[in-house]
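# Descriptive structure summary
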Amino acid sequence: MKTLNLIIVLTVFTLCNFGEKLPVPADKKATKETVILFQSLYELKNKGVMYGHQDDLMYGFTWWYEKERSDTKELTGDYPAVAGFELGHIELGSERSLDSVSFVQIAEQIKMHYSRGGVITVSWHLNNPFTMQIRDTLSAWPHGSAWDVSSTEVVSSILPGGKYHELFNTWLEKLATFFIGLKDERGIPIPFIFRPFHEHSGSFFWWGTNICTDQEYSALWRYTVEFLREKKNIHNILYAYNTDRVTSLEQYMRGYPGDDIIDMLSLDMYDRGEQFGAELDNALGFITKDAASRNKLTALSETGERRGMPDWWSSVLLPVVSKYPVGYVLTWRNTYNSKFSVSGSPFQFYQADFKNFYNSARTLFLKEVKEENVYKRK
Ligand code: BMA
């Protein structure tokens, strides 16, 4: 009887412990800090939603690269928890991104945000490697850019065996070199979320649903991750799968590269009108549910307010993201425009309501996330 009791106690103990075990990143060789970041974010998504802002640390509506400056901080007194950065044109060997931001300065701010205890996410609007090669004297935007969807041969041309496969490898080499440079002062690689080939369900980038097959899209993802992970030995990246607006899980998952590649299921959705709240609710409902079943992170990785709506943050965005375990919401860049310096920032329009969003117990900005010590837990 005693032995039976002991067995029962031990079994219950083991099951409880097993139940508490936190999931790990897809990369089996992920660095210690990357595993801890993954697990911190996994738990944090049940506590609140982090606020993220693209290029927040690089420029604002009325200023350009001033080291400690941030539009978010100017409004709320705190930095965003998640800082977004864009690497478009790194593949060309350029010194500056497609948004004219210096890559050296991007690396500086990534290190800075990491040292402050914040979370980093990186996007990549890479050029079109296929159409870029076509001589076109009348060429005008979007010729050769990420937005050039004039050919359906792009993805197949850069996969192994394709005409531009070697060219694509040189692009990945340049990307890898930048990633390898992201180290802290002790030489420890800085963990970050990478969200390439984003908004797959749309057809406005050359990797979109109607421009390549689902198999090609998945192969592109797998090739890229394996290149960085296996060939370049980079193990400080969490990979975010991403689509634009979707109405079903089936649509969301088209081209999904696999749980051994992906760490985060993310969605981009901008408010284009009345139906947004219900559509976002529906999509976040099935995405967060599926993410839970796969032990993955979640995010609303790009969103933006409805034009002319001063209380969008508290009346539209917050109620929906509060319903689900969404890791972070990120709003896109405050495009620098010298004319705003004179006329004031367009941010002023929703300032008061952004503060409501900031003050909500559901939202997390940098100070709250810093306390969580997301890279180094006790
Ligand atoms: C887009 C726009 C572009 C920009 C790109 C990459 O959505 O903001 O102007 O070049 O993101 O940041």
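Residues numbered from 1 in each chain as written. Predicted model: local features only at pLDDT ≥ 70, side-chain atom pairs only at ≥ 80, totals over all residues. Heavy atoms only, no water.

## Let's talk about the pairing of strand S5 (residues 237-243)
Put simply, the rule is: With a 1.4 Å probe rolled over the protein chains alone, any residue whose accessible area is under 20% of its type maximum counts as buried; one over 50% counts as exposed, and the rest are partly exposed. Only DSSP runs of H or I with at least four residues qualify as helices, and only runs of E with at least two residues qualify as strands; both kinds are numbered from the N terminus onward. Between any two strands, at least two bridges found by DSSP are needed for them to pair. When the strands point away from the viewer, a crossover counts as right-handed if the path from the first strand over the helix to the second runs clockwise.
With seven of seven residues buried, S5 is to be regarded as a mostly interior element. Side-chain alternation along S5 places Ile 237, Tyr 239, Tyr 241 and Thr 243 on one buried face and Leu 238, Ala 240 and Asn 242 on a second face that is also buried. With three bridges joining them, strand S4 (residues 192-195) and S5 adopt parallel strand pairing. Paired with Ile 193 across the strands is Leu 238, a residue of S5. Following the backbone out of S4, through helix H7 (residues 214-231) and into the adjacent parallel S5, one traces a crossover that is right-handed. Where S5 meets strand S6 (residues 264-268), four bridges bridge the pair, whose relative direction is parallel. Residue pairing for S6: Thr 243 is matched across the bridge by Leu 267.

## Side note on the pairing of strand S2 (residues 82-86)
Of all the five residues making up S2, five are buried; the element is thus mostly covered by neighbouring parts of the structure. Burial along S2 is two-sided: Val 82, Gly 84 and Glu 86 facing one way and Ala 83 and Phe 85 facing the other are all buried. Pairing of strand S1 (residues 49-54) with S2, which is carried by three bridges, proceeds in the parallel orientation. Directly across from Gln 54, in S2, lies its bridge partner Gly 84. In the classification by handedness, the crossover that spans S1, the intervening helix H3 (residues 71-76) and the parallel S2 is right-handed. The pairing of S2 with strand S3 (residues 119-123) spans five bridges and is classified as parallel.

## Some details on the site of the ligand
Keep this limit in mind: We call a residue near a given molecule or strand whenever any one of its heavy atoms falls within 4 Å of it. In protein, a polar contact requires one atom able to donate a hydrogen and another able to accept it; more generally it is a pair of N or O atoms within 3.5 Å, and residues adjacent in sequence count only if both atoms are side-chain atoms. Per-residue and other accessible areas follow the Shrake-Rupley method at a 1.4 Å probe size, with only the shown protein chains counted as cover for residues. All residues other than Ala, Val, Leu, Ile, Met, Phe, Trp, Tyr, Cys, Pro, Asp, Glu, Lys and Arg, Gly among them, are scored as polar; the first ten of these are nonpolar and the last four charged.
Taken together, the neighbourhood of the ligand is formed by Glu 86, Leu 98, Asp 99, His 125, Trp 147, Trp 332 and Arg 333. Within the side chain of Asp 99, one N or O atom sits 2.5 Å away from an oxygen atom of the ligand. Here an oxygen atom of the ligand and a side-chain polar atom of Trp 332 are 3.1 Å apart. In the complex, the protein chains occlude 72% of the 310 Å² of accessible area that the ligand would expose alone. Looking at the shell around the ligand, its residues break down into three nonpolar, one polar and three charged.

## Observations regarding the nonpolar core
Looking at soluble globular proteins, one finds that nonpolar side chains tend to be buried together. Just so we agree on the cut-off: To define a nonpolar core, start from buried Ala, Val, Leu, Ile, Met, Phe, Trp, Tyr and Cys residues and group those joined through side-chain atoms within 4.5 Å. In this description, contact between two residues means that some pair of their heavy atoms is separated by no more than 4.5 Å.
Within the largest apolar cluster, 115 residues are counted, with the highest numbers of intra-cluster contacts made by Met 50, Leu 87, Phe 178, Phe 179, Phe 194 and Leu 228. Residues within four places of Leu 228 in sequence aside, it is in contact with Leu 172, Leu 175, Ala 176, Phe 179, Phe 194, Asn 233, Ile 234, Ile 237 and Tyr 239.

## A closer look at the layout of surface pockets
Definition in use: Method remark: on a 1 Å grid restricted to protein atoms, a set of points is classed as a cavity if a 1.4 Å probe fits but cannot get out and as a pocket if it is open with protein on both sides within 12 Å along at least five of seven lines; lining residues have an atom within 4 Å of a point. Grid points are joined across faces, edges and corners, and a volume is the space filled by probe spheres set on the points.
Approximately 620 Å³ is the volume attributed to the largest pocket. Taken together, 22 residues make up the lining of the largest pocket; nearest its centre are Tyr 270, Gly 304, Glu 305, Arg 307 and Arg 333. In the lining of the largest pocket, the residues fall into nine nonpolar, seven polar and six charged. Computed from the structure, the second largest pocket encloses a volume of approximately 370 Å³. Residue lining of the second largest pocket: 18 residues in total, with Tyr 114, Arg 186, Asn 373, Tyr 375 and Lys 376 positioned closest to the centre. Among the elements of the structure, helix H2 (32-44), helix H4 (103-115) and helix H13 (366-372) are those that each provide at least two residues to the lining of the second largest pocket. Looking at the lining of the second largest pocket, the element that brings in the most residues is H2, giving three residues. Here the residues of the lining of the second largest pocket are counted per class, giving six nonpolar, three polar and nine charged.

## Observations regarding the confidence of the model for the protein chain
Under the convention used in this document: pLDDT runs from 0 to 100 and stands for how confident the predictor is about each residue.
A residue-level look at the protein chain finds 94% of positions with pLDDT of 70 or above and a mean pLDDT of 93. Low pLDDT (under 50) marks residues 6-19, which in the prediction has zero contacts with non-local residues, meaning those over four places away or in another chain.

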